[in-house]
Each structure stands twice: as structure tokens, then as C-alpha cells.
Amino acid sequence: MATETDTYPLPTLNEAFAVLQGGVIFSKIDLEQAYTQVVVDEPTSKLLTLNTPKGLFRCKRLAFGVKACPGIFQRMMSNLLARVSGTAVLLDDIVVTGRTIQEHRDRLQRILQILKEAGLRVNKEKCKFGKASVEFLGHMIDANGLHPCGDKIKAIMETPAPRNVKELQAFLGLLNFYDRFLAQKATVAEPLYKLLLKGAKWVWSPNCQQAFSLLKRMLTAGDTLVHYDLKKPVVITCDASQYGLGAVLEHRMEDGSLRPIMFASRTMSSHERNYSQIDKEAAAIIFAVQKFYAYIFGRKVVIQTDHKPLLGIFDPKKPIPNVISPRMLRWALLLNSYDYELKYVEGKKIGNADALSRWPAPESTEKEEELQEVNVLFLNETPVELQMTAKEVAKLSKTDGVLAKVMFWIRNGWPSTVEEKYRDFHVRRDELTEYKDCILWGGRVIVPLKLRESVLKELHSNHDGIVITKAIARSYFWWPGLDRDIESLIQNCQTCKEVRNMPAKVTHRWITPPKAWSRLHIDFAGPFMGKVFLVLIDSYSKWPEVKIVSDQSSSMVINKLDEIFAEQGLPDTIVSDNGKAFASEEICQYFKNNGIRHILVPPYHPASNGQAERTVQTLKLKLKKMSHIPWATRLHKILYGLRTTPSSVTGKTPAELLNNRRFRTNFDRLHPFLFKKRRLKISRKMKQNE
């Protein structure tokens, strides 16, 4: 027979210390033999039966070692003492405090009375009453705040230098218990964490010894952490170094000074270290708000950073910028759930979070060697066959003379001035990020030089105009002079020149419907290239439907409309000309039966049905330009291109407006975020099917 685990949560250190804030006098109560004071009923005692050499014995009280006992006992103690303020309890340890001697005495008396009525006994020898400080959960707590426990500090200080990975893990584990006292611990301990990496060779270098000694000194010289107080303003100071993220939670005291409540830091993963500096500083803010969530959620907090560009992105009083990376957008949306004020403070004024963020200093030759390696890569040859994938973009970015240097600056910091060929990147430096060795400007991937010709060729495969082609490009990628290259490409396209139309006359416009698939415009195109087409366009989303028909009868129109409506649903209104197929009694009855309002435009005035007329014109132009493609795929390719091309009116693709999602195109493969997610989804689906 198996017992179910009691999942009642034990209080965390932060929760326990927050309860005791504001106290000046403390008492600690220890229960005698904890679990064994709790009597169990007969069915439970049978579950706790022990098999011994002298026979079977049933336990009449909770026994140590049973998995469910901690949750059961913690629930019981929490319920007993829930109404006594200033009391923290963890299993059999109880600490009570008060702002005055009388308040402390009243609370203590009430707790002892509750324990007496519950039949619980205390261990008098381990109890401490009316003390200025007590040890609780491995910390010393007094009226001033929290301090590391003296015994544990002594153990850390006497620890010799580790001789292997296991000893290093033991030291860091002991140190992690007091990381709330250590500013930028993760950055300082960077050489030590490197020794824990898989496959790392054990070499105790001078840098490791320096970090080991400094960490021990930091703990002995650590600040006293003040008690958290709901009535005092809260300030979070964040900073990032090359190796780690650091933050400190502080109270603004009555005299205007800042006193720390808690320090926090962590090392960055290998891919996070490739972030641009603005992304690293933003990651520090996100790390801080998530780490201090229990302290700041639901109340006003001031967040301080020494990276001024973040004010233009995360300032809650300003809208989120249009040009922003997907990562930054996620973080900006996450911060919207907090009530915060973002302030810029010079780095030299935020010593708690920044003083150690530059240690250990990188070796003087490190950046020079990396730059030399970049210069060597400039000379590498690019494969003849180029593929439009994120992997190819990353590969060619490393060998691109300009992008390789830009990537180096993104990772290590930008110079104040640059050469002319880097000027376009320099002005956008706060918006550039690096992911999987690809450079991104906001959500657009920057295409390396040797891949641009292939991208432009694919971009103009549907022979769209300049405005539409630019709109497509701005949805996926960028490089300096992209607009100029697009204009040159289209102006010199012989196919586009041969089928170019005269400029359209100015006409009156239909009122835009309030929703997608509400008003449809319909017309015939042809005979053209030996075929007749039924053309339908949604006035709101600009979604086109084109069907090849064998004749222009009403029954044929009804048949094709049934196919379309089965996929997209019934519209509210259909607009057509006065052709026989659209004005017959048969089709009028069809519209009436389906509750569709039918509008006939004035005779001899085709411009009144301009939506359909324009779509017919576009279809004919596309068919001419793509006459080299077989009929089996020509119409499908044209429709897919029209449905995935942003409209110059709405700024979005028809697929987005009608289906609430953007269809995938070849250009999605250029982006490392999107391509990676797609591969992960495919691999997960394959595993599920196995």
C-alpha cells in the first residue's frame, strides 16, 4: 500500500524573514520531539506499522522518516499560529518578535497558551526568551536586520582551496546559502564556475585563487540586510557584466539613504554572453524583477539602471518602440505587469550592483586576439551554393568583413566613432542584437553581402511593384541601402517594363467594412491565355480567390462560390456588375437563400466595382510575368504571393487579417528565432508519433 505525499509548502526564507520585520526583541521556541507529539488515528497507525525482529508494531504517533510528515506537521503548526502576528514557524522552530517589550510579551503568552491547549510540549533547554537577536534558518536576526551566522562564516573562512570538482561544489553550495549578502557573486565567481563546466580540465589558476579569496572576504565584510517594510519605498538597482547579472533590492530610508534588503546575482549562459550590451542590461532588469517578485509585485518600485538607452524601450510612460527585437518585446510586455518607474543613474553611483561587475578583468590580449581572429575570417571563401536559411546567414555573417566587426562590437561594446561603412549600423547600435551568430535589427535579420543577390531574386519572384516589395522586405530583413537596391532591381526588370500599366485615375472609394469577409467583390477575367477566371476579393483583408471556370453561367458561379464559402464562410454582401451570370434569377435566389445581400453596380461603369477590376488587372499582369511557370503551379504561386504580401492600404498581409496569422514564406528561414522554433515543433511532433 502506498501513501500520498502531503504537498503543503514549507515557508521560504524570504517569507519567514518578512514576517519578523520591524521587531526589536525576539524569542525562539523549540518543540520537543516534533512529529512524535502528534497522535494518529487507527487507520493511519496501520499504515505506519513497522516490521521488527520482535514482531509487528503500530506507530500511534507521527514517525520521523515518513515522506508525508513534514507537510502534515507544517500545516498543523501554520494553522495553530496563523492569527498571531510577528510569528514565523518552520516545522518545530518558532520565532516570535515584537516592536515593544509589551507587544512581544503578549504575543509570546498567546503562543504558549495555544501550544498548551493543543497538547504540545516545548524543549525548555533550547528555548530562548526576550533576546536582542536569535539564530533562525541559518541567519542571525536582530532589530537592525539579517546577518550571516557566525559558525557558518567561520566554516567558510577556514575552508582550504578546493583540490577537485567535488570540493569546489561543496564550497559554492555553502556560499550559495548566503548569496543574499553578496553583491555580484556570480561575476566574481566566474573563474570557479568555469571549472564546473562539462569537459573542463581542472586547473586551479591564480584567477581562481583570487576569486576564492575575494568571495570569503566579501562574506565577512557583507552589509547588514535591513528588514523588509511595506511602508518604505522600494528600489531595485540592476547591472550586467560580461559574465553575470547582478541586482540589489533596497529600501529608501527616512534620511534618503538606501539600505539593502537582499542581493542577487547569477552567471549568464553561453548564449546570453553573446547578447549585445543593451540586451545584457535588460536581462539584468528581468532577472531582478523575477527574483524579487514576492517583494515588489502589486506595489510601486523604482528600477535603477546605468544604461540610458533602456529608458526609451522600458519606460512605462512611453509606447513600446516599433523597431525592437522579439526578445526585447517579450521583456517589455512582461514588465507591463509591474508598477515601476525606470530611472537612469550613472554607473559610478550604483556601487552595490556595479562595483564588482567588471571583475575579474579580462586579459589585455583577449579582445585583440578575438579581433585578429575576426580579421582572419574576412579572408575565408564563401561556398558557391548559397541557401536562404538562418544557418547560412550565420555562416556568411562571420565571413562578411562589415558584419563580423559589427558582431564583435555588439558583444564587446561600440566605439564612439566609426568609419563611414559602419555608420548605418552605428546609428542603430542600441537596436541591434545578436542571436545564433545572426545580427538582428529589431525583428529583422541583417543579410550578409554574399547572400543579398539571392534574397533580392527571391523577393522579386512575383514581380511586385516597388511599394509592395519594400513592404515585404521590411517584414523580414534589412541591410544598408536595401530600399535603393529594391528600386534599382525593379526599375531594371525587363519583365516588369513590358507589362507596365498606365497610372490609374482617381476614383471614389468604397467604405471599408468593419470586419473580414463581410463585403466581397466578384467578377470574371478573360478569356485570357485561353482560360476564363472567376475572381473574388475581400474588401477588408484583400484576400483573393481565383477559380478557373469552363463557362460563365450562373450555375458555374454558384458551384465555385460553394467551394469558397465552404472554406471561408458566408459573407454579408457581394458586389458584382450586371453580367448575365450575376443578374439571373437563379443566382439572386441563391444569395437570398444564404442571407447574402447582393449589390449590382451601375451599368457601363465598371470602376464602381473597382476592387474586383483591380484584382483582375493584377491577376493578368502576374500571369504575363510568370508565363514561364507551368499552369499546374502558376496560379497557386500567384495566389500565395498575393495572400502573403502586405497591403499598401492596411499594412498587413491578407492572411493576417482573414486568418489571424501570417503564412510562412521562404524569408522566415532567414530568421534564427522562427527557423529554430519550427524545427523544435517538428522534432517534438515526430517524437510523439513514434
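Please read these numbers as outputs of a predicted model, since none were measured by experiment.

A look at the side chain of E545
Okay, step 1: If you trace the backbone, E545 turns up in strand β21 (residues 544-549).
Okay, step 2: Owing to a relative accessible area of 4%, E545 belongs among the buried residues under this scheme.
Okay, step 3: Of note is the side chain of E545, whose polar atom sits 3.0 Å from the side chain of W543.
Okay, step 4: A polar contact of 3.2 Å, which involves the side chain of E545, links it to the side chain of R643.
Okay, step 5: Aside from chain neighbours lying at most four places away, what touches E545 is W517, L534, V535, L536, I564, E567, Q568 and R643.

Quick notes on the sheet that holds strand β7 (residues 133-136)
Either a parallel or an antiparallel arrangement is found when strands of a sheet pair, and the pairing is made through backbone hydrogen bonds.
Okay, step 1: If you walk across this open sheet you meet the three strands as β7-β8-β9, and the pairing is antiparallel. Both edges of this open sheet fall to β7 and β9 (146-148), since each of them pairs with a single strand only. Recorded for the sheet is a direction-independent mean angle of 30° between the axes of neighbouring strands.
Okay, step 2: As defined by bridge partners, strand β8 (residues 139-142) adjoins β9 across three bridges and the pair is classed as antiparallel. Bridge pairing links M140 to H147 in β9.

Here we look at the packing of aromatic side chains
Okay, step 1: Under the counting rule described, the total for this entry stands at 14 aromatic pairs.
Okay, step 2: Look at F425 and W478: their rings are 5.8 Å apart centre to centre, the planes differ by 80°, and that puts the pair in the edge-to-face class. Of the two residues, F425 sits in helix α18 (residues 423-426) while W478 sits in strand β18 (residues 477-478), which places them 53 residues apart along the sequence.
Okay, step 3: When its relative accessible area of 2% is taken as the criterion, F425 is described as buried.
Okay, step 4: In this structure W478 comes out as buried when scored by relative accessible area, which is 8%.
Okay, step 5: A ring pair is formed by F524 and F582, whose centres lie 5.2 Å apart and whose planes are at 25°; its orientation type is stacked. Within this pair, whereas F524 is found in strand β19 (residues 519-528), its partner F582 is found in helix α24 (residues 580-583), the two being separated by 58 residues in sequence.
Okay, step 6: You can call F582 buried: its relative accessible area is 2%.
Okay, step 7: Here a set of aromatic residues connected by ring pairs shows up, and it is made of W202, W204 and F212.
Okay, step 8: Above the ring of Y275, the side-chain terminus of R327 is found at 3.9 Å from the ring centroid.

Regarding helix α10 (residues 277-291)
Okay, step 1: Relative to the 21 Å expected for 15 residues at 1.5 Å per residue, α10 spans 21 Å between its end C-alpha atoms, a close match to the ideal helical length.
Okay, step 2: The buried count for α10 comes to 12 of 15 residues, which makes it a mostly enclosed element.
Okay, step 3: Inspection of α10 places I278, D279, K280, E281, A282, A283, A284, I285, I286, F287, A288 and V289 among the buried residues, and these make up the whole buried set.

Quick word on empty space enclosed by the protein
Okay, step 1: Under the defined criterion, the tally for this structure stands at two cavities of 30 Å³ or more.
Okay, step 2: A volume near 80 Å³ is recorded for the largest cavity.
Okay, step 3: If you go around the largest cavity, you meet 10 residues; those closest to its centre are F17, L146, V226, Y228 and I261.
Okay, step 4: With three residues, helix α1 (residues 13-19) is the largest single contributor of residues to the lining of the largest cavity.
Okay, step 5: Its boundaries defined by the atoms lining it, the second largest cavity holds a volume of some 70 Å³.
Okay, step 6: In terms of lining, the second largest cavity is formed by 11 residues, of which the most central are I313, S325, M328, D430 and E431.

What about the pairing of strand β11 (residues 244-252)?
Okay, step 1: Buried residues dominate β11, accounting for eight of its nine residues.
Okay, step 2: Linking two consecutive strands that pair antiparallel, namely strand β10 (residues 234-240) and β11, is a turn of three residues.
Okay, step 3: Counting the residues in the hairpin turn of β11 and strand β12 (residues 258-267) gives five residues, including G256, whose phi is positive at 90°.

Brief notes about the environment of R519
Okay, step 1: Relative to the elements of secondary structure, R519 occurs in strand β19.
Okay, step 2: For R519 and I596, which are 77 residues apart along the polypeptide, the C-alpha to C-alpha distance reads 9.6 Å.
Okay, step 3: Beyond its immediate sequence surroundings of up to four residues, R519 is in contact with W510, I511, P513, I537, D538, S539, T573 and V575.
Okay, step 4: Side chain to side chain, R519 and H521 meet in a polar contact 3.1 Å long.

Remarks on the nonpolar core
Okay, step 1: Within the largest apolar cluster, 40 residues are counted, with the highest numbers of intra-cluster contacts made by F292, I296, F314 and M328.
Okay, step 2: Sorting elements by how many residues they give to this core places α10 first, with nine residues.
Okay, step 3: If near-sequence neighbours (up to four positions away) are discounted, F292 is found in contact with I236, A247, V248, L249, M262 and A264.

Reading the values: the criteria
- Residues numbered from 1 in each chain as written.
- Predicted model: local features only at pLDDT ≥ 70, side-chain atom pairs only at ≥ 80, totals over all residues.
- Heavy atoms only, no water.
- Helix = DSSP H or I, 4+ residues; strand = E, 2+ residues; numbered from the N terminus.
- Buried < 20%, exposed > 50% of the residue type's maximum accessible area, 1.4 Å probe, protein only.
- Polar contact = N/O pair within 3.5 Å; in protein donor to acceptor, adjacent residues only side chain to side chain.
- Contact = heavy atoms within 4.5 Å.
- Pairing = 2+ DSSP bridges.
- Axes fitted to C-alpha atoms, helices over the stretch in contact; angles between N-to-C directions.
- Phe/Tyr/Trp six-rings, centres within 6.5 Å; stacked < 30°, edge-to-face > 60°.
- Lys NZ or Arg CZ within 6 Å of the ring centre and 35° of its normal.
- Expected span 1.5 Å × (residues − 1).
- 1 Å grid on protein atoms, 1.4 Å probe; cavity = no way out; pocket = protein on both sides within 12 Å on 5 of 7 lines; lining within 4 Å.
- Points joined across faces, edges and corners; volume = space filled by probe spheres on them.
- Core = buried A, V, L, I, M, F, W, Y, C linked by side-chain atoms within 4.5 Å.

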